[in-house]
Amino acid sequence: MADVCIALIPAVIVSVLFYGWHSLLIFAVSCLSCCGIECVVTTYLLKKKSTCGDLSALVTAILLALNLPPSCPWWIAIIGAVVAIGIGKLSFGGLGQNLFNPAILARVFLLVSFPVQMTNWTSPKGFIADAFTGATPLGMINEGIMNGESVSQILSKSSFSPVLSLFAEVGGSAGEIADVALLIGFIYLLCRRVIKPYITLSIWASVALFSFIFNMINPDLYTGPLFNLLTGGVLLGSIFMATDYVTSPMSNLGGVIFGLGIGIITMLIRYFGAYPEGVSFAILIMNAFVPLINSAFKQRKYGRK
Amino acid sequence: MKKFTFKIGGVHPNDSKISAEAAIEPLKISPKIYISMAQHLGAPANPVVAVGDEVRTGQIIGEPSAFMSCYVHSSVTGKVVSVGPYKDIAGREAIHVGIDVSPDGDVWADGIITDNSLDVKFPTDRQTLLDKIKACGIVGLGGATFPTHVKLCPPPGSVAECLIINGAECEPYLTSDYRLMVERPEEVLTGVAIIKCILGCRAVVGIEENKPKAIESMKKALESLSEKNSEFNDIDILTLKKKYPQGGEKQLIAAVLGREVASGALPISVGAVVQNVGTALAVYEAVQKNKPLIDNTITVTGQVSPSQKNYLTRVGTPYKDIIAAAGGLPDGNIKVISGGPMMGRAVSNLDATTLKGTGAVLMLSEEQTKRKPAQACISCGRCVDACPMGLEPFYLLRLSRAGMMDALEENAVQDCIECGCCLYSCPSSIALLDEIRLAKASVMKIIKSRPRK
């Protein structure tokens, strides 16, 4: 768990640099409320030894904060923490028992319950960049296409470029803005052998392949692979959320199937759904399939057919 | 060069072969030894000596009581002072023969050749060889101490295709097999040739890549031996990748032959017979020198051990004497283990004595052995990846805690080889094997209690 926290540090730094004091406040509120709820519920409600020390609540807290829009009110983080830790994790029996990734569950809960606060992409003043206002690239595309514009028209109006998005120039939630920072975290997790690459890579591959095919069919209606990989929550979700041990399949092959499912559902929502972004829904849906995947793709037993 | 290994699971603990360069030296014989009649799996031997009897080195003191049983010989010359219960390393009582060792040194039993000259010419009559092995009380020295003569008589209908000699020594710390391969390769190989002759098949010696000196020495010895003798023709030395538990019988067969022994079946069902390097040497000594299995090489090691030793030790030597010879117990809380850190057993009683199959005395400090408090299982799947039998240890643990015996059997808990890879790989420090071992024992009991068809 400590390794996951370390891997998240670059993303946290970038979001604080870009979104300033307010971002720091959100991180602080999220961490305090997640750990606090974990501590209170385990000690007083479940009457067990507090499990705060295993750092899993801290990981959830950082991920939750990275999933919130930069300008969201601080109390959103507290509600998110209650849903993530209280409902998403402890009501299932605590660490290791939860079916859904707590941070994703909280994000989806907040998105559905507080749509205004959760899609306000006006960013507060950061330390190194000016205030940034406007919709996310995915939001722009979603709205533009509904107004009958083509992808290239919409993109030409905005300042989006895939290269720039690598270095945080695009509006989005705190964890979506700096792809390089997330990739550094990914490499760290791989080097420390905390995660295996199968789930992440199969999400990338399926997102890229799916959007490549649709982009070939109609480039005016469907955005291309690079755009889809680098915008929204694909990187954050594929590296830090889909790879959560508890809510992902155990075997490598199972992980690939899981990743493919996430990639395809994400793209279906992006292209055909009402929401501009679908990674969190996709992960949540595939989380529900994990027990099935686990029983379908078991390790072969020695000397048995 | 292609390096062989098994496919399912396995872990890579630090091999810690810190006693590797300590040449084998004979341990001074203890003044008093206790030889257990329960040397191995199967039925214990019946003692055939009484208090007051004078025994010579190599003389029979215990006779087999059943098919799965072996002769036990006196490892010293002296006077029998007790025949009765004596506590083993776990504190359980077993019949031991206690002998006061004569100060005048060894008087060998009739027929035993005590010179160390190399003798590679052996009789090729199968029954003669088997009789000698049986008479000398040879058991497998790789861990399970299965009576060797039983293993070398395949049941009717099955044919041995390949003799696999286990030189993997995959357990961390252990170096006794390594020293034998470095120091006595010709004798080991002659033992291999004898076993191969009994089985009438080819032979492969599998050695892990972290023992280049042993591989080189065995290859060199094999080359010079096979130039003069045709018995050494079908023997190959195979380099194995370093991976625990490569020395496990089923894993070694998978690594060398690429075959898997079905659950509940014997290795011979896939044409394999596995014997350990130490056993090959014991077979050599039995056939060529008429010498019973009365001593074996025991590694004394551990970072906290005052010295690193490979002792040629008489069977029945008290652990405390071995430790004293190596410099005594270090200060602090020390855990003494008989065998390696992965599969060895804790020695709760230093008055207990060594058996034929004892391979090492490992001393570990409190810091090395103290377990971290167990945390929640996060379903990371490390134990599933690590299990060389392809089991799901985390699931077996859950089933075991729920007391679901039927489900445990369906999920093959009885296939567990108790190698400890699951426990080793668990990031939440859950003592998986501890509980799985108990569940396995319960399930085995149920399986055995069923009426046979």
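Up top you'll find the structure we're talking about.
Colleague: Which residues make up the overall build of chain A, and what values do they have?
Modeller: On a plain count of helices and strands, chain A comes out with 14 helices and zero strands. When the elements of chain A are put in sequence order from the N terminus, they spell out α-α-α-α-α-α-α-α-α-α-α-α-α-α. A buried classification covers 51% of the 305 residues belonging to chain A. Nonlocal contacts in chain A, meaning residues at least 24 apart in sequence, comprise 72% of its contacts between residues at least 6 apart.

Colleague: Got a sec to walk through the overall build of chain B? Specific residues and values, please.
Modeller: Each helix and strand in chain B was counted, giving 14 helices and 17 strands. The C-alpha atoms of chain B give a radius of gyration of 22 Å, which matches the 22 Å a tight globule of 453 residues would have. Taken over the C-alpha atoms alone, chain B extends approximately 60 × 50 × 50 Å along its principal axes. Here chain B holds 453 residues, and 52% of them are scored as buried. Put simply, 73% of the contacts in chain B that link residues at least 6 apart link residues at least 24 apart.

Colleague: So, the sheet that holds strand β5 (residues 60-63) of chain B: which residues are in play, and what are the values?
Modeller: An order of β3-β5-β6 (chain B) is seen for the three strands of this open sheet, with the pairing classed as antiparallel. The strands lining the two open edges of the sheet, one partner per strand, are β3 (46-47) and β6 (72-73) of chain B.

Colleague: Describe unusual backbone geometry, listing the residues and the values that go with them.
Modeller: Residue and element names in this part refer to chain B. At the junction of Tyr-244 and Pro-245, the peptide bond is cis and its omega measures out at -5° in the coordinates. Here Pro-245 lies in the loop between β11 (235-240) and α6 (249-257). A positive phi angle is found at Glu-418, which is not glycine, with a value near 60°. Tracing the backbone shows Glu-418 in the loop between α12 (405-410) and α13 (421-425). Its 15 C-beta neighbours within 10 Å are what place Glu-418 among the partly exposed residues.

Colleague: So what's going on with the nonpolar core? Residues and values would help.
Modeller: Judged by nonpolar contacts, the single largest core of 120 residues is most densely connected at Ile-164, Val-192 and Val-283 of chain B. Other than its neighbours up to four places away in sequence, Val-283 of chain B contacts Ile-133, Ile-138, Thr-148, Gly-191, Ile-194 and Ile-195 of chain B. Counting 76 residues, the second-largest nonpolar core is a separate cluster that includes Phe-18, Cys-35, Ala-181 and Leu-182 of chain A.

Colleague: If you had to explain the sheet that holds strand β7 (residues 78-87) of chain B to someone new, which residues and values would you point to?
Modeller: All names here are of chain B. On the basis of which strands lie adjacent, the open sheet formed by four strands has the order β2-β8-β7-β4 and antiparallel pairing. Because the sheet does not close on itself, it has two edges, and the strands there are β2 (32-36) and β4 (54-55). With five bridges joining them, β2 and strand β8 (residues 93-101) adopt antiparallel strand pairing. Its bridge partner being in β8, Ile-33 is matched across the sheet by Ile-99.

Colleague: A description of the packing of helix α3 (residues 74-89) of chain A against helix α4 (residues 102-113) of chain A should follow, citing residues and the corresponding values.
Modeller: Helix-helix packing: each pair is described by the crossing angle between the helix axes and the interaxial distance. All names here are of chain A. Interhelical geometry of α3 versus α4 gives an angle of 130° and a closest axis separation of 8 Å. Taken together, the axes of α3 and α4 are oblique relative to one another. The two elements α3 and α4 meet at a crossing, and its hand is right-handed. The segment α3 lies against α4, with Ile-76, Ile-79, Gly-80, Val-83, Ala-84, Ile-85, Gly-88 and Lys-89 engaging Pro-102, Ala-103, Leu-105, Ala-106, Phe-109 and Leu-110. Residue composition of the contact of α3 with α4, grouped by class: 11 nonpolar, two polar and one charged.

Here is what the cut-offs are and how they apply
Residues numbered from 1 in each chain as written. Chains lettered and ligands numbered in written order. Predicted model: local features only at pLDDT ≥ 70, side-chain atom pairs only at ≥ 80, totals over all residues. Helix = DSSP H or I, 4+ residues; strand = E, 2+ residues; numbered from the N terminus. Buried ≥ 20, exposed ≤ 12 C-beta atoms within 10 Å, placed from the backbone. Contact = placed C-beta atoms within 7 Å. Rg over C-alpha atoms; globule rule 2.2 N^0.38 Å. Pairing = 2+ DSSP bridges. Core = buried A, V, L, I, M, F, W, Y, C linked by C-beta atoms within 7 Å. Axes fitted to C-alpha atoms, helices over the stretch in contact; angles between N-to-C directions. Parallel < 35°, antiparallel > 145°, perpendicular 65-115°, else oblique. Left-handed = near helix turned anticlockwise from the far one by under 90°. Nonpolar A, V, L, I, M, F, W, Y, C, P; charged D, E, K, R; others polar.

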